[in-house]
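Architecture at a glance
Residues per chain, in single letters:
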Amino acid sequence: MKLLTILFVTFALALIGTKIFQGDWNLVFSGNLGMAAFMLFTGFAHFKFQKGMALMIPEFIPAKMFWVYFTGLIEIAAAIGLMIPSIRELTSILLIIFLVLVFIANIDSSRKKVNLFKADYSGPGMSYLYKERIPMQIILIAWTWFFGIYLN
């Protein structure tokens, strides 16, 4: 859940900034900037922790490093797309689909006790999935829908 700090702090700072500099609370901009910052952070993590990310991918999927880098690029592209009003809604729809699909890897990696940072199998296991990842995934999907589709 520590990752959500990026989302919430960026949102709060952007909200305050829009009030100060534009004279109004810009929820759409601030909410999407928060998610964009989150996606940039996680997207670049695919390149820093690529070995640990590769362990997260289910066994039946070949070319694991390709998928690690590809999904990292998707997350970076999503961050950019959320900040472009003309493609924000489409980006949000695709991002929600992406978040649902990558959750499969989160389930598998929790089952295997993957430690993303150490690139080994010393992670917290299923407790992480139930206590942190599922709630975070729900927040990310709801956030993307609310700020990228509903308010857009």
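Reading the values: the criteria
- Residues numbered from 1 in each chain as written.
- Predicted model: local features only at pLDDT ≥ 70, side-chain atom pairs only at ≥ 80, totals over all residues.
- Heavy atoms only, no water.
- Axes fitted to C-alpha atoms, helices over the stretch in contact; angles between N-to-C directions.
- Helix = DSSP H or I, 4+ residues; strand = E, 2+ residues; numbered from the N terminus.
- Parallel < 35°, antiparallel > 145°, perpendicular 65-115°, else oblique.
- Left-handed = near helix turned anticlockwise from the far one by under 90°.
- Contact = heavy atoms within 4.5 Å.
- Phe/Tyr/Trp six-rings, centres within 6.5 Å; stacked < 30°, edge-to-face > 60°.
- Polar contact = N/O pair within 3.5 Å; in protein donor to acceptor, adjacent residues only side chain to side chain.
- Buried < 20%, exposed > 50% of the residue type's maximum accessible area, 1.4 Å probe, protein only.
- Core = buried A, V, L, I, M, F, W, Y, C linked by side-chain atoms within 4.5 Å.
- UniProt positions renumbered as here; feature names shortened; annotations may be inferred.

In this section: the packing of helix 2 (residues 27-48) against helix 6 (residues 126-150). It is at 9 Å that the axes of helix 2 and helix 6 come closest, and there the two elements cross at 140 degrees. Relative to helix 6, the element helix 2 is oriented oblique. As helix 2 runs across helix 6, the sense of the crossing is left-handed. Contacts between helix 2 and helix 6 involve L27, V28, G31, N32, M35 and F38 on the former and, on the latter, M136, L140, W143, T144, F147 and G148.

Let us now look at the packing of aromatic side chains. All chains considered together, the criterion is met by 13 aromatic pairs. Between F146 and F147 the ring centres are 5.0 Å apart and the planes differ by 85 degrees, which places this aromatic pair in the edge-to-face class. Three or more aromatic residues joined by ring pairs form one cluster here, namely F8, F11, W143, W145, F146, F147 and Y150.

Below, the discussion takes up the environment of T42. As for its placement among the helices and strands, T42 is situated in helix 2. Apart from residues lying up to four places away in sequence, T42 is in contact with L3 and E75. Within the structure, T42 has its side chain in polar contact with the backbone oxygen of M39 (distance 3.2 Å).

With that out of the way, let us pick up unusual backbone geometry. Unlike most non-glycine residues, A63 shows phi in positive territory, near 55 degrees. Examined against the element boundaries, A63 turns out to sit in the loop between helix 3 (50-56) and helix 4 (64-82). What makes A63 partly exposed here is its relative accessible area of 48%. Non-glycine residue A119 carries a positive phi angle of around 55 degrees. Looking at where A119 falls in the secondary structure, it is placed in the loop between helix 5 (88-111) and helix 6.

Moving on, we come to the environment of W25. Position of W25 relative to the elements: it lies in the loop between helix 1 (4-22) and helix 2. Sequence separation between W25 and A14 is 11 residues, and the spatial gap between their C-alpha atoms is 8.9 Å. Among all residues touching W25, those that are not within four sequence positions of it are L15, I16, T18 and K19.

Let's shift gears to the nonpolar core. The biggest cluster of nonpolar side chains holds 18 residues, and the ones touching the most others in it are L7, M35, F38, L95 and L140. The set of elements that each furnish at least two residues to this core consists of helix 1, helix 2, helix 4, helix 5 and helix 6. Every residue in contact with L7, bar those within four places of it in the chain, is listed here: G34, M35, F38, I139, L140 and W143. In this structure, A54, M56, I57 and V68 belong to the second largest nonpolar core, which totals seven residues.

Per the UniProt record, "transmembrane region" (unreviewed entry) is found at residues 27-45, 66-84, 90-107 and 134-151. Annotation note: span residues 90-107, helix share 100%, strand share 0%, distance between end C-alpha atoms 26 Å. Helix makes up 94% of residues 134-151 and strand 0%. Its end C-alpha atoms lie 24 Å apart.

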